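For reference, the chains in residue letters:
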Amino acid sequence: MLKEVFTLVTLLYTTHFANAQYTQPEKDDTIRLYAKTPFDSLTAKKALAEGTGTIKGQAFTRPRFGGYPFKFGAKILANKITVLLFPVTPYLLDYLQVKKKENRKKLKYAYIDETAFRYRLTAVTNSDGEFTFPKMKPGKYYLEAILPWSETKSYDAYTGTGYGMYSTVNYYETRYYNQSHYDKLTEFVEVKAEGEVLHVKLK
């Protein structure tokens, strides 16, 4: 009998849910930020036309210690990551300014125009973080990549207390954990003449 009642209640619930006259929509508190400058696809296409210049670089980052804003320490090489290259256009400069206004805590995100995002070149780094963009014509370009890396950290975990006749002793053991990071690497570069080989550090 109990099974039959449960089945009936379940049936009524699912039937009412499916035939409800109004379903409350999910909240969308995301604030979407867009560049106001129109994107000129013809200009971008011309900027990415083939030339005889070359952009050669190395992508890497360095760890931060003690909460300092600057990076120092041994290089962390960008092993097999994708580097994006965009021609510098008025739209891109506007978008990058808008990007600075992002605030994840306030759900504020910048969105790039889908067409603008298609006008790009890509290169994949080797294990030493080296990458190459061949056949580049003179012009200004913007490089961007995301470098994932992790570090091992430790903390002292409380494991118990020992009690003596006149004192107590707290015991701890060192425990380790991995902390993941995703560093954005960016750089503006300029090929000034045909045939130039430009060397850059993307960090």
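Refer to the preceding data block for the structure.
Residue positions are given per chain, counted from 1 along the sequence in the order it is written. Two thresholds apply to this predicted model, a pLDDT of at least 70 for residue-level local features and 80 or more for giving and counting side-chain atom pairs, whereas whole-chain, interface and lining totals are computed over all residues. Side-chain metrics rest on all non-hydrogen atoms present in the structure, leaving aside hydrogens and water.

Side note on the overall build of the chain
Each helix is a run of H or I in the DSSP string that is no shorter than four residues. Each strand is a run of E no shorter than two, and both are numbered from the N terminus. Helix and strand counts for the chain come out as four helices and ten strands. Moving toward the C terminus, one meets the helices and strands of the chain in the order α-β-α-β-β-β-α-β-α-β-β-β-β-β. The classification of residues rests on relative accessible area computed with a 1.4 Å probe and restricted to protein chains. Under 20% of the type maximum is buried, over 50% is exposed, and intermediate values are partly exposed. Residue burial in the chain is summarised as follows: out of 203 residues, 26% are buried. Counting contacts in the chain only where the partners sit at least 6 residues apart, residues at least 24 apart contribute 73% of the total. Contacts were defined at the residue level, with two residues in contact if any of their heavy atoms lie within 4.5 Å.

Focus on the pattern of salt bridges
Only one rule defines a salt bridge in this text: a Lys or Arg side-chain nitrogen within 4 Å of an Asp or Glu carboxyl oxygen. Evaluated as defined, the whole model comprises four salt bridges. Salt-bridge contacts for K153 lead to E151; the nearest nitrogen and oxygen are separated by 3.9 Å. A salt bridge links R175 to E173, with the shortest nitrogen-to-oxygen separation between them at 2.9 Å. Under the relative-accessibility criterion, R175 is labelled partly exposed at 36%. Take E173: its relative accessible area is 38%, and that puts it in the partly exposed class.

Side note on the side chain of E144
Turning to its location among the elements, E144 is positioned in strand β8 (residues 139–163). K184 is the oppositely charged side chain nearest to the buried, salt-bridge-free E144, at an N-O distance of 4.4 Å. Counting of polar contacts relies on pairs of N or O atoms within 3.5 Å, with two restrictions inside protein: one atom must be capable of donating a hydrogen and the other of accepting it, and residues adjacent in sequence are counted only when both atoms are side-chain atoms. Within the local environment of E144, its side chain forms a polar contact with the side chain of Y142, the two groups lying 2.6 Å apart. Excluding residues within four positions of it along the chain, E144 makes contact with T82, V83, L84, K184, L185 and T186. Note on charges: Lys and Arg go in the positive column, Asp and Glu in the negative column, and His and the chain ends are not counted at all.

Some words on empty space enclosed by the protein
Both site types are read off a 1 Å grid over the protein atoms alone. A 1.4 Å probe that fits but cannot get out defines a cavity, while an open set with protein on both sides within 12 Å along at least five of seven lines defines a pocket; lining residues have an atom within 4 Å of a point. Grid points are joined across faces, edges and corners, and a volume is the space filled by probe spheres set on the points. For the coordinates displayed, the defined rule picks out one cavity of 30 Å³ or more. Approximately 60 Å³ is the volume attributed to the largest cavity. Around the largest cavity, the lining residues are F39, F86, P87, T89, Y91, L92, I112, A116 and Y119. Of all the elements in the fold, those that place two or more residues in the lining of the largest cavity are β4 (82–87) and α3 (90–99). Under the convention adopted here, Pro, Cys and the residues Ala, Val, Leu, Ile, Met, Phe, Trp and Tyr are nonpolar, Asp, Glu, Lys and Arg are charged, and Gly plus all remaining residues are polar. Among the residues making up the lining of the largest cavity, the classes are represented as eight nonpolar, one polar and no charged.

Concerning the nonpolar core
For our purposes a nonpolar core is just a set of buried Ala, Val, Leu, Ile, Met, Phe, Trp, Tyr and Cys residues, chained together by side-chain atoms within 4.5 Å. Counting 23 residues, the largest nonpolar core has I55, L85, F131, F133, Y141, L143 and L202 as its most contacted members. Within the residue set of this core, elements represented by two or more residues are β2 (50–61), β4, β7 (130–136), β8, β9 (168–191) and β10 (197–202). Examining the composition of this core, we find that five residues originate from one element, β8, more than from any other. Excluding residues that lie within four positions of it along the chain, L143 makes contacts with V83, L84, L85, F131, F133, L185, T186, E187, V189, V200 and L202. In this structure, L33, F86, A110 and Y142 belong to the second largest nonpolar core, which totals twelve residues.

Let's talk about the sheet that holds β9
Taken in spatial order, the four strands line up as β6-β4-β8-β9 in an open sheet, and their pairing is antiparallel. Each end of this open sheet is capped by a strand with a single partner; those strands are β6 (121–124) and β9. Ignoring strand direction, the axes of neighbouring strands in this sheet form an average angle of 20°. For two strands to pair, DSSP has to find at least two bridges joining them. Where β4 lies against β8, four bridges are found, and the strand directions are antiparallel. The residue of β8 that forms the bridge with F86 is Y142. Simply put, an axis is a line fit to the C-alpha atoms, just over the touching stretch for a helix, and the angle between two N-to-C directions goes from 0 to 180 degrees. Seen against the sheet, α3 touches β4, β8 and β9 and runs at an angle of roughly 160° to β9.

Let's talk about the layout of surface pockets
Looking at the largest pocket, its volume works out to about 660 Å³. Forming the walls of the largest pocket are 24 residues, and the residues nearest its centre are K99, E102, Y142, E144 and K184. Those elements that place two or more of their residues in the lining of the largest pocket are β4, α3, β8 and β9. Within the lining of the largest pocket, the residues separate by chemical class into 13 nonpolar, three polar and eight charged.

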